[in-house]
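# Tertiary structure, described
Below are the chains, spelled out letter by letter.
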Amino acid sequence: MSSPPRTPLVVLGAGLTGLSAAWHARGPVLLVEREARVGGHARSYRRDGFTFDVTGHWLHLRDPSIKALVEGLFGPGELATVARRTCIHSHGVQLPYPFQANLHGLPLEVVQECLVGYVAAREQAAKGAPEPQTFVGFAEARFGAGIAKHFFVPYNRKLWGEHLERLTADWVSRYIPIPDTAQVIGGAIGLSQEGLGYNASFLVPTAGGIDAVPERMRAGLASRPEVELRLGSDIDEVDVVGRRIKLGAEAEWRSYDALVSSIPLPELVRRIPAAPAEIRDAAGALRHVRWRYLDIAVGAPPPCDYHWVYVPEPRLPFFRVGVYSNAAPRMAPAGCSGLYVELNERTGPIDLAGVYAGLVEVGALRAAEDVRFVEVRVVEHAYVVFDAAYAAARAAILGWLEGQGIHSCGRYGGWIYNSMEDCLLAGRAASEWAAARLAGQEPR
């Protein structure tokens, strides 16, 4: 039998990480994607003039080179910078984001509880209290028992579900705004404390739909003869000994010298028959959160102006609601609006009447009669779970893969919590890893 065709670099998964790895590659590359289109979760759905992303996908770009890359994909006027308008619906009132710096408007006894708890937490920190090991412990230690009780615990219980009690604080430092004492007190007496956090502004494609980014990258790659893109091709097996992959639908083997993977880390391990038992056990220890959400087309303008709202209220059936068309008006027909609604429950029947009533309460919908249609969506891998087993399991798998000449990276390949910009950066770093590996490899 003849040897399978060889490509120096093979990239698994054509989400933003995989696209970036191929984009920055310095030689021939095979990019394999099981779906019929590129983008991964950075995709959009369209129906009857409405455009829906996979919930809120907003571009927060801080790295100058990645910003230049993205802006270079678009022409004049095709990208818009939007100042974030975000709020929190708590105790029946709408508060500016973030909760911990905007307590004014809550019932006075709640404000008092939050401030007293905040002061107590600062006193404990000044005494050298040990670093908390859990996310709930982090919220209580940093913001106090009251703020944890009224926002961080109920909101994250809805988001993370059964995993909350096991969640560590490893992921929070970048994503949770930490106001100083003056901001906490100022927000409690009515001085607005907005603009906090890493995502105070973001970019959106003006035509509507985050899939414009991966599609523009796909078009750029298509013009490069050294790049082979295989869509609709799942990976059935990775042979780490023979350095080859088997494309499932075609039952075709392709050889590689360096392999970059951005598919979910446990899924990659499952496709490697030679993975030792301890690596398979480590993959089995990794957990993730499955999301179910609604795309809702509304035949009327939204009664609110926010881009998204956080909903910690346990009695409401969702934890976050976003209005696509408030950020990118062309994502809905004129006079209409498009919503995403992230649901508390992952399975079972959906109480649409209860959802509509909740949307009216949080100001995203004027009346249930305005709804034109609803699409139910599922994201199997939404957030990875940072529990006690996470760090050791992840390190063991990634270390073993590196030893086999495989670099696994990106939000799901690296099994981390990150942004779209981080995925583009991870893909670029993967291409540099591949170039170094190929340059130092003995001829075969």
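Residues numbered from 1 in each chain as written. Predicted model: local features only at pLDDT ≥ 70, side-chain atom pairs only at ≥ 80, totals over all residues. Heavy atoms only, no water.

Regarding its fold elements, the chain presents 14 helices and 18 strands. Referenced to the eigenvectors of the C-alpha coordinate spread, the extents of the chain come out at roughly 80 × 55 × 45 Å. Buried positions account for 56% of the 444 residues belonging to the chain. Relative to all contacts within the chain whose residues are 6 or more apart in sequence, the contacts with residues 24 or more apart total 73%. Charged side chains of the chain number 45 positive and 48 negative; the gap between the two group centres comes to 2 Å. (Helix = DSSP H or I, 4+ residues; strand = E, 2+ residues; numbered from the N terminus. Buried < 20%, exposed > 50% of the residue type's maximum accessible area, 1.4 Å probe, protein only. Contact = heavy atoms within 4.5 Å. Lys, Arg positive; Asp, Glu negative; His and termini not counted. Charge placed at Lys NZ, Arg CZ, Asp CG, Glu CD.)

This structure, assessed with the given rule, holds 27 salt bridges. With a shortest N-O distance of 2.8 Å, Arg-218 and Glu-215 are connected by a salt bridge. One end of the pair, Arg-218, and the other, Glu-215, are both in helix H7 (residues 212-222), 3 residues apart, so they sit about a helical turn from each other. Close ionic contact of Asp-370 with Arg-366 constitutes a salt bridge, the shortest N to O distance being 2.8 Å. (Salt bridge = Lys/Arg side-chain N within 4 Å of Asp/Glu carboxyl O.)

This part takes up unusual backbone geometry. In this chain, Tyr-97 is followed by Pro-98 through a cis amide linkage whose omega measures 0°. Looking at where Pro-98 falls in the secondary structure, it is placed in the loop between strand E7 (93-96) and helix H3 (108-126). Positive phi outside glycine occurs at Thr-55, with the angle close to 55°. With respect to the helices and strands, the residue Thr-55 is situated in the loop between strand E4 (50-53) and helix H2 (64-72). Backbone geometry places Arg-243, a non-glycine residue, at a positive phi of 50°.

Take the nonpolar core next. Leu-12, Val-238 and Ile-245 are the most contacted members of the largest nonpolar core, which totals 89 residues. Of all the elements, helix H5 (residues 145-160) adds the most residues to this core, at 8 residues. Once you skip the residues sitting within four places of it in the chain, Ile-245 turns out to touch Val-10, Leu-12, Val-32, Ile-235, Glu-237, Val-238, Glu-252, Trp-253, Arg-254, Tyr-256 and Leu-259. Among the nonpolar cores identified, the runner-up in size contains 37 residues, and Leu-79, Val-227, Ala-258 and Val-260 belong to it. (Core = buried A, V, L, I, M, F, W, Y, C linked by side-chain atoms within 4.5 Å.)

So, about the packing of H3 against helix H6 (residues 181-188). Each pair of packed helices can be described by the angle between their axes along with the distance between the axes. Axis separation between H3 and H6 bottoms out at 11 Å; the angle between their running directions is 170°. Judged by the inter-axis angle, H3 sits roughly antiparallel to H6. Of the residues in H6, those touching H3 at Val-111, Leu-115, Tyr-118 and Arg-122 are Thr-181, Val-184 and Ala-188. A class-by-class count of the residues in the contact of H3 with H6 yields 5 nonpolar, 1 polar and 1 charged. (Axes fitted to C-alpha atoms, helices over the stretch in contact; angles between N-to-C directions. Parallel < 35°, antiparallel > 145°, perpendicular 65-115°, else oblique. Nonpolar A, V, L, I, M, F, W, Y, C, P; charged D, E, K, R; others polar.)

The 7 strands are arranged E7-E6-E14-E15-E16-E13-E17 in an open sheet whose pairing can be described as mixed. The sheet terminates laterally at E7 and strand E17 (371-384), the two strands that pair on one side only. Here the strands of the sheet are splayed against their neighbours by 25° on average, with no regard to which way each runs. In this sheet, E17 lies alongside strand E13 (residues 288-298) in antiparallel orientation, the contact comprising 10 bridges. Bridged to Val-289 within E17 is Tyr-383. Packed onto the sheet, helix H11 (residues 352-362) meets strand E6 (86-90), E7, E13, strand E15 (318-323), strand E16 (337-343) and E17 and runs at close to 65° relative to E15. (Pairing = 2+ DSSP bridges.)

What follows deals with H11. Listed in full, the buried residues belonging to H11 are Val-355, Tyr-356, Gly-358, Leu-359 and Val-362. Projected down its long axis, H11 carries its buried residues within an arc of 160°, all on one side. The inward-facing, buried residues of H11 contact E6, E7, E13, E15, E16 and E17. One or two positions beyond H11, positive phi appears at Gly-363, with a value near 85°. (Arc of directions from axis to C-beta.)

Turning our attention to empty space enclosed by the protein. Scanning all chains against the criterion turns up 1 cavity of 30 Å³ or more. Put simply, the largest cavity is a space of about 40 Å³. Asp-53, His-57, Trp-58, Val-204, Pro-205, Gly-208, Gly-209, Ile-210, Ala-328 and Met-331 are the residues that line the largest cavity. In terms of residue class, the lining of the largest cavity is made up of 6 nonpolar, 3 polar and 1 charged. (1 Å grid on protein atoms, 1.4 Å probe; cavity = no way out; pocket = protein on both sides within 12 Å on 5 of 7 lines; lining within 4 Å. Points joined across faces, edges and corners; volume = space filled by probe spheres on them.)

Time to look at the side chain of Arg-411. With respect to the helices and strands, Arg-411 occurs in helix H13 (residues 410-413). In this structure, Arg-411 is buried with no salt-bridge partner, the nearest side chain bearing the opposite charge being Asp-422 at 8.1 Å. A distance of 3.2 Å separates a polar atom in the side chain of Arg-411 from the backbone oxygen of Ala-382. With residues near it in sequence (within four places) discarded, Arg-411 still touches Thr-17, Ala-382, Tyr-383, Val-384, Ile-416, Tyr-417, Asn-418 and Cys-423. (Polar contact = N/O pair within 3.5 Å; in protein donor to acceptor, adjacent residues only side chain to side chain.)

This brings us to the layout of surface pockets. Its volume calculated, the second largest pocket comes out at about 240 Å³. Lining of the second largest pocket is provided by Ala-121, Arg-122, Gln-124, Ala-125, Ala-129, Pro-130, Glu-131, Pro-132, Phe-138, Ala-141 and Arg-142. Secondary structure elements with two or more residues in the lining of the second largest pocket: H3 and helix H4 (135-143). Broken down by element, the residue count for the lining of the second largest pocket peaks at 4 residues, all from H3.

Now for the pairing of E15. For E15, a buried count of 6 out of 6 residues is recorded, marking the element as mostly surrounded by other parts of the structure. Note: strand E14 (residues 308-310) against E15, 3 bridges, orientation antiparallel. Within E15, the position partnered with Trp-308 by the bridge is Gly-322. In this sheet, E16 lies alongside E15 in antiparallel orientation, the contact comprising 5 bridges. Of the residues in E16, the one forming a bridge with Phe-318 is Leu-343.

For the coordinates displayed, the defined rule picks out 22 aromatic pairs. Between Phe-143 and Phe-152 the ring centres are 4.9 Å apart and the planes differ by 10°, which places this aromatic pair in the stacked class. With a relative accessible area of 3%, Phe-152 lands in the buried category. When the ring centre of Tyr-45 is taken as origin, the NZ or CZ atom of Arg-37, which lies over that ring, is 5.3 Å away. One residue, Arg-47, lies across the ring of Phe-373, its end atom 3.8 Å from the ring centre. (Phe/Tyr/Trp six-rings, centres within 6.5 Å; stacked < 30°, edge-to-face > 60°. Lys NZ or Arg CZ within 6 Å of the ring centre and 35° of its normal.)

Just distances and angles here, no functional claims.
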